[in-house]
Amino acid sequence: MSSAISLNVGIARSPGSGSADADGGKRVLLAEPRGYCAGVDRAVETVEKALEKHGAPIYVRKEIVHNRHVVETLREQGVIFVDETDEVPEGALVVFSAHGVSPAVHESAAARNLRTIDATCPLVTKVHQEAKRFARDDYDILLIGHEGHEEVEGTAGEAPEHVQLVDGPDAVDRVTVRDESKVIWLSQTTLSVDETMETVQRLRQRFPGLQDPPSDDICYATQNRQVAVKAMAPECDLVIVVGSRNSSNSVRLVEVARGAGAKAAHLVDYAREVDPAWLAGVRTVGISSGASVPDILVRGVLDMLAEHGFGEVQPVTTANETLVFALPRELRTSRR
């Protein structure tokens, strides 16, 4: 099933568009798609279903997804978030986050007799499988991603002897490989498409035989949200991205908005973080949200903007997402 259907985008211009006028013509361009992707929806539902089935407390290694509101809401319901499995009582239930974990984490959990539910996004799992496959074939794997990100740590942990992290174009000069005919690049799923391809281009200049992954590693949702922001940004005096600062894909949306022509762009978790001073002289505000953001937070920003005269909301739709992932087998309803 296709995850996205491309649509034509037409942004109607307000009368007098292009010059600030505080007396009228204010509007909001609302990016679609935005917010929850299939992997995040699956991960959050996994924790909710685990609570229903097993009762509180249940443990989650790291944040289930990178969003303050989601984490705080689940914590109030009895979820205990830990950094490592050795913080979980022996025999207890632990859920692994959407970002994935290394084999060493699975081994640590097994050593403590923990019951585990793996909420890793299937698209991240795909990258893990690619890393294992190419390590078996003795390739040098150049993993494009951000140092310290949980997804990168999990993927690299599948084949640490074969994986080198490449944290952006400036890191390319530090890469060394054993055999230039057996080099492949993989990537973190939540990166900027443009910056990733710039890194790949730099890598290919150094290693002409560099191979591409079997399929695109940057997830469909990350790409779709960036495309929607690119479509509206040139029309915007201000773009507000709803998302947390530890959310890679949310941070990338702010960068994409600025790079695509928005006069200003900011990241906020909640409507209360929007500085009214940002709205001075602004006619068009673009709104998007990261892939781990529930839509209630976007509605809060829209309500706040309406109070400041931005009552007209115009969707900017670049794709319709249809992909849905099944829950982990431990939580699926059995058929009779």
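Preceding this section is the structure that the text describes.
Reading the values: the criteria
Residues numbered from 1 in each chain as written. Predicted model: local features only at pLDDT ≥ 70, side-chain atom pairs only at ≥ 80, totals over all residues. Heavy atoms only, no water. Helix = DSSP H or I, 4+ residues; strand = E, 2+ residues; numbered from the N terminus. Expected span 1.5 Å × (residues − 1). Buried < 20%, exposed > 50% of the residue type's maximum accessible area, 1.4 Å probe, protein only. Arc of directions from axis to C-beta. Polar contact = N/O pair within 3.5 Å; in protein donor to acceptor, adjacent residues only side chain to side chain. 1 Å grid on protein atoms, 1.4 Å probe; cavity = no way out; pocket = protein on both sides within 12 Å on 5 of 7 lines; lining within 4 Å. Points joined across faces, edges and corners; volume = space filled by probe spheres on them. Nonpolar A, V, L, I, M, F, W, Y, C, P; charged D, E, K, R; others polar.

Enquirer: Account for helix α4 (residues 122-136), with residues named and values stated.
Expert: Counted at 1.5 Å a residue, the expected span for α4 with its 15 residues is 21 Å, and the 21 Å between its end C-alpha atoms agrees. When we look at burial in α4, the residues that qualify are Leu 123, Val 124, Val 127, His 128, Glu 130, Ala 131, Phe 134 and Ala 135. Buried positions in α4, seen along its axis, are confined to an arc of 160° and lie on one side of it. Residue Asp 138 follows α4 closely and has a positive phi angle near 65°.

Enquirer: Describe the side chain of Ser 289, and please don't skip the residues or the numbers.
Expert: By the secondary structure assignment, Ser 289 is in strand β12 (residues 284-289). From its side chain, Ser 289 meets the backbone nitrogen of Gly 35 in a polar contact 2.9 Å long.

Enquirer: Quick rundown of empty space enclosed by the protein? Include the residues and the values.
Expert: All told, the structure shown has two cavities of 30 Å³ or more when counted by the stated rule. The computed volume of the largest cavity comes to approximately 260 Å³. Surrounding the largest cavity, 23 residues form its lining, Cys 37, Val 40, His 99, Thr 189 and Thr 190 being those nearest its centre. Secondary-structure elements contributing two or more residues to the lining of the largest cavity are α1 (38-54), α4, α7 (220-232) and α8 (248-259). Considering only residue class, the lining of the largest cavity consists of 11 nonpolar, 11 polar and one charged. Approximately 70 Å³ is the volume attributed to the second largest cavity. Lining the second largest cavity are Ile 144, Gly 145, His 146, Val 166, Asp 167, Gly 168, Leu 191, Ser 192, Glu 195, Thr 196, Thr 199 and Arg 252. With three residues, the single largest contributor to the lining of the second largest cavity is helix α6 (residues 193-206). Of the residues belonging to the lining of the second largest cavity, the class tally is three nonpolar, six polar and three charged.

Structural measurements only, silent on function.
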